[in-house]
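The primary structure of each chain is shown beneath.
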Amino acid sequence: QVQLVESGGGLVQAGGSLRLSCAASKGTISSAAMGWFRQAPGKERDFVAGSTSSYGRTYYADSVKGRFTISRDNAKNTGYLQMNSLKPEDTGVYYCAASLGTYYSGTSRSDYKYWGQGTQVTVSS
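Structural notes, computed from the coordinates. Computed from a predicted structure; not experimentally measured. (Residues numbered from 1 in each chain as written. Predicted model: local features only at pLDDT ≥ 70, side-chain atom pairs only at ≥ 80, totals over all residues. Heavy atoms only, no water.)

In this section: the overall build of the protein. Each helix and strand counted, the protein has 0 helices and 11 strands in total. Mapped in sequence order, the helices and strands of the protein form the string β-β-β-β-β-β-β-β-β-β-β. Computed over C-alpha atoms, the radius of gyration of the protein comes to 13 Å, within 12% of the 14 Å expected from 2.2 N^0.38 for 125 residues, which places it in the range of a compact globule. The C-alpha extent of the protein, read off along each of the three principal axes, is 40 × 25 × 25 Å. Looking at the protein residue by residue over its 125 residues, the buried ones come to 46%. Summed over all atoms, the accessible surface of the protein reaches about 6,100 Å², with 46% contributed by carbon and sulfur. Averaging the positions of the 13 positive and the 8 negative side-chain charges in the protein gives two centres separated by 5 Å. (Helix = DSSP H or I, 4+ residues; strand = E, 2+ residues; numbered from the N terminus. Rg over C-alpha atoms; globule rule 2.2 N^0.38 Å. Buried < 20%, exposed > 50% of the residue type's maximum accessible area, 1.4 Å probe, protein only. Areas by Shrake-Rupley, 256 points an atom, 1.4 Å probe, with all protein chains shown as cover. Lys, Arg positive; Asp, Glu negative; His and termini not counted. Charge placed at Lys NZ, Arg CZ, Asp CG, Glu CD.)

Okay, here's the thing in structure tokens:
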């Protein structure tokens, strides 16, 4: 059973950048579809970005297209979410998720089996 641990969250001013990391253990992400979700206070956990296990296909929520980039380093068994041009509405707890042995997972929470504990991102105006 893979374990995921996010890091890199924090407080940043609007227009700034952060890079979130998702370190995997007890499993490898090289054969896993990965995703990032976020949850704002009082709201549902929404899809942000996803990547296929191979061929480097990525996909994003419309609200973050052109600003966020999902990537991974299989040698380090770590996924990343680079967030640029941050806006106050990007504030929330960010979670990474994975599905082992899966090429593509969708944009729903039910599409992913493994989850990290989340990291807080706060964007001030």
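Inspection of every chain in the model, using the stated rule, returns 3 salt bridges. We note a salt bridge from aspartate 62 to lysine 65, for which the minimum N-O separation is 3.1 Å. The class of aspartate 62 is exposed, set by a relative accessible area of 65%. Across the pair aspartate 90 and arginine 67 runs a salt bridge whose closest N-O atoms are separated by 2.8 Å. Highlighted residues: aspartate 90 in the loop between β8 (78-83) and β9 (92-100) and arginine 67 in the loop between β6 (58-60) and β7 (68-73), separated in sequence by 23 residues. Arginine 67 shares its class with aspartate 90; the two are buried. When salt bridges with common partners are traced through the structure, they connect Arg38, Arg67 and Asp90 into a single cluster. (Salt bridge = Lys/Arg side-chain N within 4 Å of Asp/Glu carboxyl O.)

If you walk through the whole model with that rule in mind, you get 1 disulfide. Each sulfur of the disulfide joining cysteine 22 and cysteine 96 lies 2.0 Å from the other. Across the disulfide from cysteine 22 to cysteine 96, rotation about the S-S bond amounts to roughly 60°, and the bridge is consequently right-handed. Of this pair, cysteine 22 sits in strand β3 (residues 18-25) while cysteine 96 sits in strand β9, placing them 74 residues apart in sequence. Both residues of the pair, cysteine 22 and cysteine 96, count as buried. (Disulfide = S-S within 2.5 Å.)

Below, the discussion takes up the pairing of β3. The pairing of strand β1 (residues 3-7) with β3 spans 5 bridges and is classified as antiparallel. Its bridge partner being in β3, glutamine 3 is matched across the sheet by serine 25. When β3 meets β8, the two strands line up antiparallel, connected through 6 bridges. When the sheet's bridge partners are listed, serine 21 is paired in β8 with tyrosine 80. (Pairing = 2+ DSSP bridges.)

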